[in-house]
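Coordinate analysis (summary)
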Amino acid sequence: MAASIAYVGGHLQYGVNFCMGQSYKQAIWVPSVTFNGCLQRELSWSCGVSKFLQIRKCNLFQSRTNENWRSFGTVITSAYLRDGSTKYFDFAVIGSGVAGLRYALEVAKHGSVAIITKAEPHESNTNYAQGGVSAVLCPSDSVESHMQDTIVAGAYLCDEETVKVVCTEGPDRIRELIAMGASFDHGDDGNLHLAREGGHSHHRIVHAADMTGREIERALLEAVVNDPNISVFKHHFAIDLLTSQDGSDTVCHGIDALNTETQEVVRFISKVTLLASGGAGHIYPSTTNPLVATGDGMAMAHRAQAVISNMEFVQFHPTALADEGLPIKPKKTRENSFLITEAVRGDGGILYNLSMERFMPLYDERAELAPRDVVARSIDDQLKKRNEKYVLLDISHKPREKILSHFPNIANECLQHGLDITQQPIPVVPAAHYMCGGVRAGLQGETDVHGLYAAGEVACTGLHGANRLASNSLLEALVFARRAVQPSINHMKSSSLDLSASSLWTCPLVPKSLGSDVMHKILRITKEVRKELQSIMWKYVGIVRSTSRLQEAKQKIGKLEAKWETYLFEHGWQQTMVALEACEMRNLFCCAKLVVSSALARHESRGLHYMTDFPHLEESKRLPTVIFPSSHTTGTWSSRQLHQQPIVNSMV
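Residues numbered from 1 in each chain as written. Predicted model: local features only at pLDDT ≥ 70, side-chain atom pairs only at ≥ 80, totals over all residues. Heavy atoms only, no water.

**Observations regarding the pattern of salt bridges**
Counted by the stated rule, this structure contains 38 salt bridges. Put simply, Arg 173 and Glu 169 hold a salt bridge, and the shortest N to O gap is 3.8 Å. Note that Arg 173 and Glu 169 are positioned in helix α4 (residues 160–179) at a spacing of four residues, about one turn of the helix. Arg 173 gets classed as buried once you look at its relative accessible area, which sits at 12%. Among the residues examined, Glu 169 registers a relative accessible area of 22% and is labelled partly exposed. As a salt-bridge pair, Arg 530 and Glu 584 come within 3.1 Å of each other at their nearest N and O atoms. Here Glu 584 lies in helix α16 (residues 580–601) and Arg 530 lies in helix α14 (residues 516–540), a separation of 54 residues in the sequence. For Arg 530, a relative accessible area of 17% translates into the label buried. For Glu 584, a relative accessible area of 8% puts it in the buried group. Through salt bridges with shared partners, one network takes in Arg 102, Glu 106, Lys 109, Glu 169, Arg 173, Glu 176, Arg 482 and Arg 483. (Salt bridge = Lys/Arg side-chain N within 4 Å of Asp/Glu carboxyl O. Helix = DSSP H or I, 4+ residues; strand = E, 2+ residues; numbered from the N terminus. Buried < 20%, exposed > 50% of the residue type's maximum accessible area, 1.4 Å probe, protein only.)

Here it is as structure tokens:
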């Protein structure tokens, strides 16, 4: 993976680049000004990312695999897609969570839309979001207060303009959802019931019991199904973006996808593409994310020359259900951890260690209502000091009826395993939950790849800074999905589909020629490698970090990736071959390396990124971390697009 990492902001900054095993300093000039005591970029994200992001091509995370490309026959084939396997749309949307669906419903008023989704349409992080959506809907609350809470939780790394836009436009986005049929809880007075969660100074969380995401997903999917301009392609795994070069600009023309049911590659040529593919929780062994969250969008965008930002800020939700603490253990290991929503603590839940000692007041005056990064680190510290596997979250002192009405899903899940949350504490442990970093996007959702927009968890808009405030994620997805609509329509109207475009890129190959025995071996090894990568990330790149352990992680990941890729190519794998498990693995490697690289670049502790050898905030380092585009001439398989890039003057 070739990249250049630097902090954006300040004056003359130096980013450390690692090329061919050596490091050197490279000057990166980014102007900035001071505004209201905060360091602000003279060219803010809203001005269009491509105007100031410079491409630095260099070989970060160099792997020995490079030496093996020629040896194992990784020659790009000249095969093309068969007739009928290319589809043409005005808009292609990758992902079926709240961001993708909300965007699709708007742009469908102006053209044809393809929603490409990896599994069933409802299988997204949105569907697993329990707590709710934060918005200023109470007269005693204010946009300024919501902004302040967001910035404080984000450790003052948030982009202030982005925060203002999201907090200001949020209430209208909620009203739109209600108008579309989303049903949220109301109080006895007939008004929306507004909950409070950690980091919020007011009650401003709109929710549907503890299944808010599911309700939003239901309403949006219902509208999508009834829209004749939208086609949903389920069980289609996005492989890579189709890009070309127009001078110094990279242009996106759609994507290649693998139909995982028919094992056929389908090419989607589109005028506009939206990345709304969610996060990368499965780079860790325990995550609240569904199985589909393997960082596909972030990795694809990185390979396609998009800029990545703030990947070191991985939010670990402090309270995932600890199965080993349940009276009746689950019969099999969960694919993803069961989330115990932030709202339980917001509603009065208290954290205890196994000796029933309340510990949060020892760490923060806000106690259980402290932001997630503080609570997660506090729990982590308790577990390490006491050599225990989980802590306890107790809500049983609240009225039984209130508990069951607010948290029916959690109560039911626990009851199935012999635990009554109205009488007993819930065993909990931190789990990987949300990526605050991602594909850098401006205030209109634009990336520095023309024709490519990003919204939701895959994007880094600057809203979350170093730590996401509870329930701001669904809000961000709604706001940016809506803001990306008009520029997308403008781009679509100024473009035309090239019906001969499909033949410009080499077609990915389904590895049928390798035979079932070889594929079985490859898939078995890939599964083992996936677990090993997750173990490395949790052990060395978890809640508490250090430079030496991050460097060890970097080395171990590089060796593991080299070993895996060598195995693949020794067994006949080719550079353009695709299989779901192998492509997910390359994306996991790519995202893991982006996280480690970003973490190594930040020499301070801020928000979710805590370094034992840099334990304090440094005002001079209150700047986003940026990973510039990679070079396609070198690097591992995970850092290369699978097909050749056509070099053209323009193809619109």
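From this point, the narrative continues.
**What about a positive patch on the surface?**
Taken together, the side chains of Lys 539, Arg 549, Lys 556 and Lys 559 present a region of like positive charge at the surface. Looking at the positive patch element by element, the count peaks at three residues for helix α15 (residues 547–570). Mapped onto the fold, Lys 556 is located in helix α15. Accessibility expressed as a relative area gives 32% for Lys 556, which makes it partly exposed. (Patch = residues over 30% accessible without salt bridge, like charges linked within 9 Å, V, L, I, M, F, W, Y side chains within 5 Å. Areas by Shrake-Rupley, 256 points an atom, 1.4 Å probe, with all protein chains shown as cover. Lys, Arg positive; Asp, Glu negative; His and termini not counted. Charge placed at Lys NZ, Arg CZ, Asp CG, Glu CD.)

**Observations concerning the sheet that holds strand β9 (residues 194–195)**
Pairing in this open sheet of three strands is antiparallel, and the strands run β8-β10-β9 from one edge to the other. Of all the strands in the sheet, the pair left with one neighbour each is β8 (133–134) and β9. As paired elements, β9 and strand β10 (residues 205–206) share two bridges and run antiparallel to each other. Bridging from a neighbouring strand, Ala 195 pairs with Ile 205 of β10. (Pairing = 2+ DSSP bridges.)

**Observations concerning the side chain of Ser 96**
Turning to its location among the elements, Ser 96 is positioned in the loop between β6 (86–94) and α1 (98–107). A distance of 2.8 Å separates the side chain of Ser 96 from the side chain of Thr 117, its partner in a polar contact. (Polar contact = N/O pair within 3.5 Å; in protein donor to acceptor, adjacent residues only side chain to side chain.)

**Thoughts on the pairing of strand β13 (residues 249–259)**
Most of β13 is tucked away, with 10 of its 11 residues classed as buried. Counting the residues in the hairpin turn of strand β12 (residues 236–246) and β13 gives two residues, including Gly 247, whose phi is positive at 65 degrees. Bridging between β13 and strand β14 (residues 264–275) involves six bridges; their strand directions are antiparallel. Of the residues in β14, the one forming a bridge with Ala 257 is Val 266. Connecting β13 to the next strand, β14, in antiparallel fashion are four residues, including Gln 263 with a positive phi near 60 degrees.

**Re the nonpolar core**
With 82 residues, the main nonpolar core has Met 537 and Trp 573 as its most contacted residues. By residue number, the principal contributor to this core is α16, which donates 13 residues. (Core = buried A, V, L, I, M, F, W, Y, C linked by side-chain atoms within 4.5 Å.)

**Considerations on the pairing of β6**
Here β6 lies mainly inside the structure; seven of its nine residues are buried. As paired strands, β6 and β14 are joined by eight bridges and run parallel to one another. For Phe 89, the partnering residue across the bridge sits in β14 and is Ser 270. Taking the sense of rotation as the criterion, the β-α-β connection linking β6, α1 and strand β7 (residues 113–116) turns out right-handed. (Right-handed = clockwise from strand over helix to strand, strands pointing away.)

**A word on unusual backbone geometry**
With the exception of glycine, most residues fall at negative phi, and the peptide bonds are largely trans. In the Ramachandran plot, Ala 155 falls in the positive-phi region, its phi being about 55 degrees despite a non-glycine side chain. By the secondary structure assignment, Ala 155 is in the loop between α3 (143–153) and α4. Phi at Tyr 156 takes a positive value of approximately 60 degrees, unusual for a residue other than glycine. As for its position among the elements, Tyr 156 is in the loop between α3 and α4. We classify Tyr 156 as partly exposed; its relative accessible area is 39%.

**Concerning the packing of α1 against helix α5 (residues 212–225)**
One way to put it is that α1 packs onto α5 with a least axis distance of 10 Å and a crossing angle of 35 degrees. Relative to α5, α1 is oriented so that their crossing is left-handed. The residues of α5 that touch α1, namely those facing Val 98, Leu 101, Arg 102 and Leu 105, are Ile 216, Glu 217, Leu 220, Leu 221, Ala 223 and Val 224. Tallied by class, residues from the contact of α1 with α5 come to eight nonpolar, no polar and two charged. (Axes fitted to C-alpha atoms, helices over the stretch in contact; angles between N-to-C directions. Left-handed = near helix turned anticlockwise from the far one by under 90°. Contact = heavy atoms within 4.5 Å. Nonpolar A, V, L, I, M, F, W, Y, C, P; charged D, E, K, R; others polar.)

**Digging into the environment of Thr 287**
In this fold, Thr 287 is placed in the loop between β14 and α6 (296–303). For the pair Thr 287 and Glu 335, spaced 48 residues apart in sequence, the C-alpha to C-alpha distance is 8.6 Å. Residue contacts for Thr 287: discarding those within four places in its chain leaves Gly 281, His 282, Asn 336, Ser 337, Ala 431 and Ala 432. A polar atom in the side chain of Thr 287 sits 3.0 Å from the backbone nitrogen of Asn 289.

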